[in-house]
Amino acid sequence: MLQAKNLNLRFGRTVALDRVDIEIEAGEIVAVMGPSGSGKSTLLHLLAGILRPDQGEIYFDGRQVHSLPDATRSRLRLTSFGFVLQFGDLVPELTLRENVELPLRLLNVRRSEARRQAASLLRQLDALEFADRRPGQVSGGQAQRVAVARALVHRPAVVFADEPTGALDSVNGELVLDALTGLARQQGSTVVVVTHEARVAAYADRTVLMRDGRLVG
Ligand SMILES: Nc1ncnc2c1ncn2[C@@H]1O[C@H](COP(=O)(O)OP(=O)(O)OP(=O)(O)O)[C@@H](O)[C@H]1O
Ligand SMILES: [Mg+2]
């Protein structure tokens, strides 16, 4: 469902990605590991259509992503992708509940329906009791669980997570990984998760390793 062929990208003289090929099946959970600077985030951004490669091809569901116009790629991200970043990129002015409703509202789901779906997901993640607070009024682990709910609430085909547990202690990190992979499996969403967390291997179907811009296994 997600396929990249011969991806190459440089930033000035830095080779961020060097001839990367990867194929990811629908519903698969893939962990991307490797040292700092090895190209993990760059790969994620290319697969998600945020960056364009200098060379190479990216396909999602048989469509060539990298050649789509910006507006079409934005639309694709909204309808088909979900994102979890290291520092819960939740909207600080909105309550946690409103943050989870947001993707649905942007997709024109009725307010009452968005509210129902968001609450159901927040309940599953044990986050309903603090859902009416704002992101700044809960712990980092609680905020990241809500970021997981927001990434999955519109049942995206693919969830891209870039070090979702990077700012958490191991207990909270595990809760967030549990939530992410558990919900994704339940919904049949594909997951590409960048992490330094060795334990992620227990949650993933496959772990790929990057080094110096190359996929090495
Ligand atoms: N916008 C940018 N401008 C210049 N160089 C960049 C930019 N983004 C990434 N790079 C460089 O590209 C290489 C790959 O970066 P990338 O962010 O993909 O690494 P990473 O594996 O995600 O590292 P980390 O684990 O530290 O997040 C690095 O050498 C980095 O310095
Ligand atoms: Mg990174």
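Residues numbered from 1 in each chain as written. Chains lettered and ligands numbered in written order. Predicted model: local features only at pLDDT ≥ 70, side-chain atom pairs only at ≥ 80, totals over all residues. Heavy atoms only, no water.

Q: Pulling in residues and values, what's your account of the sheet that holds strand β4 (residues 55–60)?
A: Taken in spatial order, the four strands of this open sheet run β2-β1-β4-β5, and their pairing is antiparallel. In this open sheet, the two edge strands, each paired with only one partner strand, are β2 (14–24) and β5 (63–64). (Pairing = 2+ DSSP bridges. Helix = DSSP H or I, 4+ residues; strand = E, 2+ residues; numbered from the N terminus.)

Q: Can you lay out the packing of aromatic side chains for me, pointing to particular residues and giving the numbers?
A: Within the structure shown, the criterion is met by three aromatic pairs. Taking 5.1 Å as the distance between ring centres and 75° as the angle between the ring planes, the aromatic pair formed by Phe-60 and Phe-81 counts as edge-to-face. Linking Phe-60 in strand β4 with Phe-81 in strand β6 (residues 81–84), this pair joins segments that are 21 residues apart in sequence. The exposure class assigned to Phe-81 is buried, which follows from its relative accessible area of 2%. Seen from their ring centres, Phe-83 and Phe-160 are 5.7 Å apart, and the 20° between their planes marks the pair as stacked. One end of the pair, Phe-83, is in strand β6; the other, Phe-160, is in strand β7 (residues 158–162), with 77 residues separating them in the sequence. An aromatic cluster is defined as three or more aromatic residues linked by ring pairs; in this entry it consists of Phe-60, Phe-81, Phe-83 and Phe-160. (Phe/Tyr/Trp six-rings, centres within 6.5 Å; stacked < 30°, edge-to-face > 60°. Buried < 20%, exposed > 50% of the residue type's maximum accessible area, 1.4 Å probe, protein only.)

Q: Give a detailed account of the pairing of strand β3 (residues 29–33), specifying residues and quantitative values.
A: Burial analysis of β3 places five of its five residues in the buried class, which makes it a mostly covered element. The alternating pattern of β3 places Ile-29, Ala-31 and Met-33 and Val-30 and Val-32 on opposite faces, both of which are buried. Summarising the sheet, β3 and strand β8 (residues 190–194) pair through four bridges and their orientation is parallel. What sits directly across from Ala-31, in β8, is Val-193. Relative to strand β9 (residues 206–211), β3 runs parallel, the two sharing four bridges. Counterpart to Ala-31 in the pairing with β9 is Thr-207.

Function-wise, these values are silent; they only describe arrangement.
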